[in-house]
Structure formats: structure tokens, C-alpha cells
Amino acid sequence: MNGLPPGPSNPLVTTLKYLRAPYATLLETAQRYGDPYSWPSFLGSMVVTGDPAGIRTLFTADPDTYLALGAELLGPVLGESNLILLSGERHRAMRKLQLPPFHGARMRAYGQLIIDAAQEHAARWPRDRPIQIHRTMQEISLQVILEAVLGLRKPETRETFKTAVLSVIAALKPSFMFIEALRRPLFGLSAWARFQRKRAHVTALFEEELRARRAPPEPREDILSLLLSARYEDGSALTDDELLTQMMNLIVAGHETTASSLAWAFHHIHREPAVKARLVEELRGLPETLDPEAVSRLPYLEAVCSEALRLEPVAPLIGRKLRTGLTLQGFDLPPGTSVGISILQVHRRADLYPDPERFRPERFLERSYTPFEYLPFGGGARRCLGAAFALYEMKLVLATLLRKYDLRPANNAPVGVAVRNTTVGPRGEVELLHA
Ligand code: HEM
């Protein structure tokens, strides 16, 4: 079939609707137009599927069928060598260099620092007021990623980096990510100029850290150290600019996503007393001193994390750009078309997940799902590099805190969904009280 499938026509209206209510807009569009549908955006029209058969087509196609989405537009903002913007051979080579630090065995090195970060931040929780769970999770995940990725051990250095990184993220406006005309310095007064200044400050900090790290090298297990000694197949090392871009990307990709997923997990666990009781019971079987490996093998804890990632995917829609033509669900799409996968839509299918709006971890113990039915971390050649790390962190933070603290919801108000930079997360706070 030639031509694009039907869909809403106005990118501005659709974008505004998405910014106001991302989940509802995606689900309503699929319901109204069927599968696949066309989704208008500032990156051009995107053909979206949320059907396992369509997802299978997209994930199993030769990786060279695709280019990264928005590379030309986002390169100047996120760094031209950023893994998420690379395609083809450059993507493969850069990904290969970054994979080893995320391998299962390496993960053990990060277990204790995750437990310590969770304990340290929860120790500051108020006794007599609602605890702001999302905020705590952001603090924990940022500390974890700074320690694991950059190996920053001294609290003062971590604090300096944390402030600098958070101010770059805050200065990164979605508007100038997508509208090139807004990237003007305007005598240093524009939002773009402000972003550039914040980024230059982080770059200077990184460069100082790199210099210190290269001087007498000591054996370390953080991701920066591993990348410093990594070599491409031709024997060359990453340039300083490549290193800085990847570090920044890992910090951004790795902290907000995990924090939002953890906040959702806390929210749902405490709204479903039977889930909480079963989880606490499972955790009770652990020895006093937590062994990260034993925690990561707990079946119900794993099911709880999977269910939080299913019900509230932080990346509800992911995309690629076609380099070559592809037939998707009967539509012959020409090169240059963008294709998207609605992770949210497939995660909310009643035929796969009965009573889909309900938080019911048991479903993951009752049956298994294919990578085209359950895909919180995306799939194919671009599947999330930090998936194992994120899941490990979620399990350890939940186990550490649920064993120590008995909490209850501060209120019964529903928690909405908000767009945060390129991901989505809880709108406002997830508030809990000491029971
Ligand atoms: C719960 C937490 C997380 C979720 C739900 C998540 C989800 C995702 C998704 C959906 C993608 C796009 C995959 C695709 O296009 O097929 C992605 C890509 C990526 N994620 Fe994550 N992520 C999480 C945590 C992390 C962490 C902790 C790190 C690193 C420390 C990380 C690093 C990356 C990188 C580098 C990519 C780009 C991969 C590529 O383009 O080859 N993520 N993530």
C-alpha cells in the first residue's frame, strides 16, 4: 500500500496535547486512527505502531535500515558523537566500546554504592511531614550515576558536578532542541546562550577530571576509567570530546529515567496493600546485610519492577528514521520516513495484559512476554545500554528502603504524567508518610 496511514494533521496541536497529557494523547490517537497511524511532529511525520507484529518488523529489520532520529537537528545540542544520534558503523563501534562497563559481572562493583546512596538519602526523610519520593529518587539516582559513571568518590567533587550537571539539564529547553532558529546568542541574553555557558562550565569540570585521571592511573572500576582505556578496532582511543559527550549522555539518560521508574514503583506498591505485603514478605527472607546478588535474584521484586516499567514507561514513544524503504503493517514506507514504536500502547493491550490499568506484578510470574510485547528499554540494535544497570539499581533501592521503612500513601489523589525533557514521569510529587 502506498501513502502514509491516517493520523492527526497538525504538529503544533498534537505536540501541545502530548505536552499536557502524554499517555492519554498517545492512547487516544491509536484508538481513533488504528494501527499504524501517522503522528505529526517537528521532526516530520512519524508512522507509529504499537502492535507486536509491527514491532517485530521494526526490531528485526537489518540495523542499517535505519538512521538515528533527529541527528542533524540535535547534534549541536547533545553533541555530534552522542551514541543516541549515531547510525550505522559509527553507532556499532561506539556502542561496542560502551557495552563492557554495563555487563552483568561489572554490575557487582556498583551494588554497594547503590545501597549506600539509598540509605544516605532516606536518612534525611522527615518524620512528621510527607516524604517527597520522586525527589529522593532523583537524588539517589544522580549520586549513583555520578559515582558509577565518573567514579567521583569525594562528596565535595560530586556536589560540584551535581550542581553543574543539573543546571545544564535545567537550561536545556525542549524548544531550542527542535527549533534551530532559537539557537542564537543574542548578546549572551538568550536561553541558548545560557545553555552554552552552563555546558562550557561542565566541560571545564570534565576536562579537569580527565587530566587528573590520566596522571598517575590507578585501577578503578568506574565507566569513565573503562572508557579511557577502551580502544576502537583500529587501536585508537576516544577523543576528549567524544568522552565528554558520552559521559554527559550516560548521566542524562541514566538518572531521570531510573528515578521516575522508581518513583512509580513506590507509588503503586503503596497503593496496592497486597503487593506491598507480598514484597515485604519476600524481602524478610534476606539476611541482615544485603547481598546485592541475592536481591537481584528475587522473583517478586523483579516482577514488581517489571510491572512499574510496563504500566508507566518513561519512554512511551521511540523512533528511528528509514534509510531504506520498509513495509510496515502493509504500508510501503519510502526512505526518509520516520517510524515509531508506541511502547505505551503495546504495554496497555488487554489481550496481553488483562486489566491493563491495574498494577499487578503477578502477571510477570504467570507468563513470559516476547521482546515485541514487553519493551520498556526499547529493542533491536538501539536497545537501552543501561537496562541491566537500571533494573539492578531499582531492585537494590526498593529492597534497601522497603526493608527499613514502613510507609503509607500521604493521600489518595491520582498522580498524573508529565513530560520531562525527552522522557515522561510522575507529575508533581509522589508523597508517602511513615506508617
Ligand atoms: C528505568 C530506567 C531506564 C529506562 C526505562 C530506559 C529506557 C531507554 C529506552 C526506551 C531507550 C531507547 C531504546 C530504543 O530506541 O530502542 C534507551 C536508550 C538508551 N539508554 Fe536507557 N533507560 C533507562 C536507564 C538507563 C541507564 C541507567 C543508562 C546508562 C547509565 C541508560 C543509557 C541509555 C543509552 C546510552 C541509550 C542509547 C542506546 C543506543 O542508541 O544505542 N539508560 N533507554
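Numbering of residues starts from 1 in each chain and follows the order in which that chain's sequence is written. Predicted model: local features are reported for residues with pLDDT of at least 70 only, side-chain atom pairs are reported and counted for 80 or more only, and whole-chain, interface and lining totals are derived from all residues. Computation of side-chain values covers all heavy atoms of the structure but excludes hydrogens and water.

Identification of the protein as Cytochrome P450 from Archangium lansingense is taken from an unreviewed UniProt entry. UniProt positions are given in the numbering used here, feature names are shortened, and annotations may be inferred rather than shown by experiment. Looking at the protein in UniProt, the text filed under Cofactor (unreviewed entry) is "heme".

Axis angles are defined between N-to-C directions and span 0 to 180 degrees, where every axis is a line fitted to C-alpha atoms and, for a helix, only to the segment in contact. Each helix is a run of H or I in the DSSP string that is no shorter than four residues. Each strand is a run of E no shorter than two, and both are numbered from the N terminus. Put simply, helix 13 (residues 273-284) and helix 15 (residues 299-311) touch, their axes get as near as 8 Å, and they point 140° apart. Judged by the angle between their axes, helix 13 and helix 15 are oblique. Considering the relative orientation of helix 13 and helix 15, their crossing is left-handed. Every residue of helix 15 that contacts helix 13 at Val275, Arg278, Leu279 and Glu282 is listed here: Pro299, Tyr300, Leu301 and Val304. The residue classification treats Ala, Val, Leu, Ile, Met, Phe, Trp, Tyr, Cys and Pro as nonpolar and Asp, Glu, Lys and Arg as charged. All others, Gly included, are polar. Classifying every residue of the contact of helix 13 with helix 15 gives six nonpolar, no polar and two charged. Roughly parallel covers angles under 35 degrees, roughly antiparallel covers those over 145, roughly perpendicular covers 65 to 115, and oblique covers all other angles. By convention the crossing between two helices is left-handed if the near helix lies anticlockwise of the far one by an angle smaller than a right angle, and right-handed if it lies clockwise. The contact rule is simple, with two residues in contact once any of their heavy atoms fall within 4.5 Å.

Right, let's get into the coordination of the iron atom of the ligand. The donor set comprises N, O and S atoms within 2.8 Å of the metal, extended to 3.2 Å for Na, K and Ca; water molecules are omitted, so apparent gaps in a site may simply reflect that omission. Donor atoms from the protein around the iron atom of the ligand number only one, Cys384 (SG), found at 2.2 Å. Among the secondary structure elements, Cys384 is positioned in the loop between helix 17 (363-366) and helix 18 (387-404).

Turning our eyes to something else, we now look at the pattern of salt bridges. The term salt bridge refers to a pairing of a side-chain nitrogen on Lys or Arg with a carboxyl oxygen on Asp or Glu at a separation within 4 Å. Applying the stated rule across the entire model yields 23 salt bridges. Residue Arg158 is joined to Glu147 by a salt bridge in which the shortest nitrogen-to-oxygen separation is 3.2 Å. A residue pair is termed long-range when its members are at least 10 positions apart, and Arg158 in helix 8 (residues 155-171) and Glu147 in helix 7 (residues 133-150) qualify at 11 residues. In this scheme, a residue with accessible area under 20% of its type's maximum is buried, one over 50% is exposed, and one in between is partly exposed, where area comes from a 1.4 Å probe on protein chains only. For Arg158, a relative accessible area of 10% corresponds to the buried category. Each member of the salt-bridge network shares a partner with another, and the members are Asp51, Arg349 and Asp351.

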